[in-house]
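One-letter residues, chain by chain:
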Amino acid sequence: MSARFRVGMSLAQACQDIGYKGEIGYQTFLYSNEPEIRSLLMFLVEKLPRERAEVSDQPTGKSVVLQRAIAAVIKAQLAVPWLPSNCRLPLFDETQCPGALHSFHVQSLSLPHCSKGPGKKQLKEVMDYQRYILPPVTAQFSRHTSVLASILEQHIAELSAAQEWDNEWNSQGLLSRLTPQDYHCRKLTRMHKRIKEQLHSATLTSPESPLSRLCSTSDLSELLQAFRCSDHVLTKGTHFTHTQKFTFTQEVAAMTSSIPTGHQSENDIQLCQQEELTLLQQQFHQLCSDVNQLAVDIKHMSVPYTQVLDELKQNELGNSEKEEKIQVKKKTIDLLPDADSNLLKLQVLVEASAKRVVNLASQWEKHRAPLIDERRRLKEICSNQDLESSRKLSEIKTLHDRIRVSTEEAKKKEEIYKQLVTDLENLPQDLSRSAYTQRILEIVSNIKKQKEEIKKILSDTKELQKEINNLTGKLDRTFAVTDELVFKDAKKDESVRKSYKYLAALHENCNQLIQTIEDTGTILREIRDLEEQIETENGNKTVANLERILDDYKAIRQENSALAAKVRDG
Amino acid sequence: MELSESVQRGLQSLADPSSFDQSSFQVFVDVSFRSLLSSKGDPAVLDQPELRQIDQILLKQCHTAATTFILEAVKQNADKSTISSCLEELTFSAERIEIFYSTHQKHKKELECLLASIGRRPAQINDVSWRLQYHMKNAQVDKVNEPFYSISLKSENEGSSEDINFTCTMEQLQDLVGKLKDAAKSVEKASQM
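The rules we used
Counting restarts for each chain: residues are numbered from 1 in the order of the written sequence. Chain letters and ligand numbers both follow the written order, the letters beginning at A and the numbers at 1. Only residues with pLDDT of at least 70 are given local features in this predicted model, and only at 80 or more are side-chain atom pairs given and counted; all residues enter the totals for whole chains, interfaces and linings. UniProt positions are given in the numbering used here, feature names are shortened, and annotations may be inferred rather than shown by experiment. In this description a helix means any DSSP run of H or I spanning at least four residues, a strand means any run of E spanning at least two, and both kinds are numbered starting from the N terminus. Under the definition applied here, buried Ala, Val, Leu, Ile, Met, Phe, Trp, Tyr and Cys residues are grouped into a nonpolar core through C-beta atoms within 7 Å. Residue burial here comes from a neighbour count, namely the number of other C-beta atoms, placed from the backbone, that lie within 10 Å of the residue's own C-beta, with 20 or more meaning buried, 12 or fewer meaning exposed, and in between meaning partly exposed. We call two residues in contact when the distance between their C-beta atoms, placed using the backbone, is within 7 Å. A strand pair is defined by DSSP finding two or more bridges across the two strands. By the convention adopted, Pro, Cys, Tyr, Trp, Phe, Met, Ile, Leu, Val and Ala count as nonpolar, Lys, Arg, Asp and Glu as charged, and the other residues, Gly among them, as polar.

- You'll find chain B entered in an unreviewed UniProt entry as COMM domain-containing protein 3, with Collichthys lucidus given as the organism.

- Under the annotation held in an unreviewed UniProt entry, chain A carries the name Coiled-coil domain-containing protein 22 and is attributed to Collichthys lucidus.
- We quote the UniProt Sequence similarities (unreviewed entry) comment for chain A here in full: "Belongs to the CCDC22 family."

## Looking at the UniProt feature "coiled-coil region" (unreviewed entry) in chain A
Next up, step 1: UniProt's feature table lists "coiled-coil region" (unreviewed entry) at residues 447-474 and 527-566 of chain A, given in the numbering used throughout.
Next up, step 2: Measuring from the first to the last C-alpha atom of residues 447-474 of chain A gives 40 Å, for a span that is 100% helix and 0% strand.

## Notes on the nonpolar core
Next up, step 1: By size, the foremost hydrophobic cluster in this structure holds 32 residues, and its most contacted members are A:Leu148, B:Leu11, B:Leu14, B:Ala65, B:Ala66, B:Phe69 and B:Ile70.
Next up, step 2: When contributions to this core are tallied by element, the ones reaching two or more residues are α7 (144-173) of chain A together with α1 (5-15), α2 (22-37), α3 (56-75), α4 (80-89) and α5 (94-116) of chain B.
Next up, step 3: Sorting elements by how many residues they give to this core places α3(B) first, with 9 residues.
Next up, step 4: B:Ala66 has contacts with B:Leu11, B:Leu14 and B:Ser32, leaving out every residue within four places of it along the chain.

## Things to note about the pairing of strand β2 (residues 146-157) of chain B
Residue and element names in this part refer to chain B.
Next up, step 1: The sheet contact formed by strand β1 (residues 124-135) and β2 spans 11 bridges and is antiparallel. The residue bridging His-135 from the neighbouring strand is Glu-146, located in β2.
Next up, step 2: Direction of pairing for β2 relative to strand β3 (residues 160-169): antiparallel, over a ladder of 10 bridges. Each residue of the ladder has a partner; that of Ser-150, found in β3, is Thr-167.

## Some points on the interface of chain A and chain B
Next up, step 1: In this assembly, 40 residues from chain A lie in contact with 44 residues from chain B.
Next up, step 2: Within the residue set of the side of chain A that touches chain B, elements represented by two or more residues are α5 (62-79), α6 (124-133) and α7 of chain A.
Next up, step 3: Top element by residues in the side of chain A that touches chain B is α7(A). It accounts for 11 residues.
Next up, step 4: Per-class residue counts for the side of chain A that touches chain B are 25 nonpolar, 10 polar and 5 charged.

Take a look at the structure:
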């Protein structure tokens, strides 16, 4: 009993937790009656998640369409019977016939780039290479699948690079007010500078390294050049490989040329050639290292050479200055013998030049004022233009944004349209739709009828009300008139006075009568309401339920006491 | 379908009737599909008599663009409307779109197989053989008395078959069977979306 009670209580609690407002307890489940359970079930059914309805209501997303396609493919593959491997046909079904697999292996492709406009002329040799030597993309690698992977990868890389550039240009490039090419250049120089700084700081930390002396070099390319020099071992290695390749091809050429000469003493010839080859190789190596050595020497020498050149230039400059000074001194020495007259002349000259200076100054003032005004005006115009341009820039930016947003919207809408079209095609074209609409129409017409009836009843009651009001008004007025008339006569006549009294009594009695009639009406209505309530309560079988609950209570108490007794005994 | 600038440019010059006339366009599309499908890259694939009069650089650019476009279309499983709208934007005429699309349909299945062959795949189980054994006792315990199964799964991967051998107790086998059933059920569920 108690177990049943507990289960019922937990169920009731759960129902209340999801928001059931009606009366509910354990008895609802144990001693159910029809209306209660009905309302409870209605409530619960409404609470059920309506996935289906939502799915059919909303336009299906792209992922849903994809998932459906996947599901269809899986279904088709499940329907295919399994075949042992010797019964399979090639290309029959790729799920059952797993061919050789290849890993996703990417190599960089070399593509013929289109020259953008006439400004970027490519080298003729490059053009020739692209025209006659470069194989088409599908023939650039020996492995076939890596071609496919590489093409896809290349395309994705280009796309993402373009997107990134777009983003950067929209966010920063537009604000900098440069053309795209200028922006590129500036970014490049900035990058160079940053790299150079990094390299400098790295070389400064290790002062004994040979690179530290290069810190003063001003250009990145020079620095890189220096690096290349210090990485001599590496370049040597590549030289070595080059020579190897070269000798190898030579060997092959020699082999091919030696074949037609004959078979006699082939071994001897080969030996001879081998020796010769090794000799040549050694010589070649020697020469190579010599060349490298010399190149390094030249580089070493070039630094003092430039220094010496600089010194030479400076010395020349100093020389010319000194020569000028000497000439001035020579002139003054020439003027010395006739000192007085020359002094006078000089004074006159000085005065004239002072006058001229004053004159020029006044003239300058005259010219200066309008020029300054002009400058001010131009400055203003400039600032105005600046303002205008920044305004236009912001406008352009908003326009860009709007364009982007609207293109995105258009794309989205197009996709939705496509999906809706496919959905429409996929929709089952049966009769249920028309049946539904018919039913809806029927319901609507029923509701219309009911509405009309309600209107009729309402107008009836209104009319009745009006009549009642009319009648009461009439009554009041006639009573007032008769009252007045009878009252006038009552002063004169005794019998009339009596009749007046009767009249008053009659009026009062009638009023009481009407009151009682109204009261009976309300009471009747109340009685009807109460009867309805009693009926519903009877439907709920409250009394029986209460009795049952009492019984349950007794049973639980009995059980409890029995258990307690057991515990005591135990 | 998003295309990069170089691909767009290549396709535009492919659409241009002044550089590709009708017959050379047909040949070119055929050649592009064939070059993707042939297992070893043939450097002379563009060496067709119809394509002689076209500049080789332009031809190679167009070839790169066309192969990229084909692969992207197959990768995204593009339908006819997508392909044709994409090509229309690149000023292809309706006739050329029709030629391209029909060739595409002809080779789509093979290209899908080719793209599907890039990647990895676990081995497939084709068959199983089993034996019920009884473990009575061992050096340490006198009475073990437990049944166990030795199972050999015959699997196949990339054409070569391989056996996977293991033993398991009753519970482990039940667990395995339950897992397999779960897997089968989820595949079925996935097919009924």
